[in-house]
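# Architecture at a glance
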Amino acid sequence: MPEGDTIRRLADRVSARFVGETCRRSTMRDPRMVGADFEGARLLEADAIGKNLLLRFSNEVTLHSHLRMHGTWQLGRRAQVPEWKRRVELRMESGWMTAIDVPILGTVATRDEGDVVGHLGPDLCGPVPPDVSVLTESLRHDPSAPLGTAILDQRRIAGFGNLYAVEVAFIAGVSPFRRIDEIERLDQLVAAGTALIRTNARRGPQNTTGRQLTTSHHWIYGRARRPCPWCSTTLSGAGEDETPWGRVTTWCPSCQPAEGPTGADPARIRRALALHPARRDPAMDHVATPDPG
């Protein structure tokens, strides 16, 4: 799923393969890209901001894309899918970059990139680790918003998608329906999510459990109506039209109660991430270590 970690890994792959190379052929099949031409331009940098991929060329033009749910960039050999799916094809010196079914494409003068990404909140997966305190305050912008709404609002924090909205809430033991101003120790929930997504951006699959680390293994995402992996209660689920944030979700009604006092549980967070490399991320310094006594 193309969330912030996925796009950061994509930018890194593009950088490793094509930065410094000149575009030999530039083919645009998207009406929004009419007139765009990168032939003869050198790729200077591939960057990711939130879920946005930015390809910066020597002609001072940036190719901007957002994959949404199903778009992909294929790197290497020329794509063999039908032409109408290949919305952008760039023939570089050592291979092809092909945008397949990418729903959001455009060009912008590199100096004006703020026009397409300037509205975003702090970037979770950028080269400089974000300040957990700053992220937490940004998430509190609308105190009455449910956690699920706030964590998916890219204007507050750029990079989390629905997978992390489900998994981080479960790891912290907080219902995604709870209002932001009800959640005690919100910074510890934010720290756990930051550690997870940054670790996954560095190492590979969107793994949230620490088990089967070479796979995208999750605690509860997509597992509604199955037993909770912690307490065996049947997991609850809601469809896109049943949540204020318009996305499907899953939660445990026992581990993530809808009523009563609530707050991120540091002992639960550390237990949930005990096998995951994210436990060593600096963001986890914000998660209190349980008293052994």
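As a reminder, the structure under discussion sits directly above these lines.
Quick summary incoming for the structure in this document. (Residues numbered from 1 in each chain as written. Predicted model: local features only at pLDDT ≥ 70, side-chain atom pairs only at ≥ 80, totals over all residues. Heavy atoms only, no water.)

Of note in the backbone geometry, Arg68 takes a positive phi value of approximately 55° without being a glycine. When you line up the elements, Arg68 lands in the loop between strand E4 (61-66) and strand E5 (72-76). One non-glycine residue, Arg225, lies in positive phi territory at about 75°. Assignment of secondary structure puts Arg225 in the loop between helix H6 (186-203) and strand E10 (236-238). (Helix = DSSP H or I, 4+ residues; strand = E, 2+ residues; numbered from the N terminus.)

By the criterion of burial, helix H5 (residues 162-172) is predominantly enclosed, with eleven of the eleven residues buried. Residues of H5 that are buried include every one of Asn162, Leu163, Tyr164, Ala165, Val166, Glu167, Val168, Ala169, Phe170, Ile171 and Ala172, and no others. Positive backbone phi, approximately 75°, marks Gly173, located one or two places after H5. (Buried < 20%, exposed > 50% of the residue type's maximum accessible area, 1.4 Å probe, protein only.)

A word on the side chain of Arg268. Relative to the elements of secondary structure, Arg268 occurs in helix H7 (residues 266-272). Although Arg268 is buried, it makes no salt bridge; Asp265 carries the closest opposite charge, 6.0 Å away. Only 3.4 Å separates the side chain of Arg268 from the backbone oxygen of Ile171, close enough to count as a polar contact. (Lys, Arg positive; Asp, Glu negative; His and termini not counted. Salt bridge = Lys/Arg side-chain N within 4 Å of Asp/Glu carboxyl O. Polar contact = N/O pair within 3.5 Å; in protein donor to acceptor, adjacent residues only side chain to side chain.)

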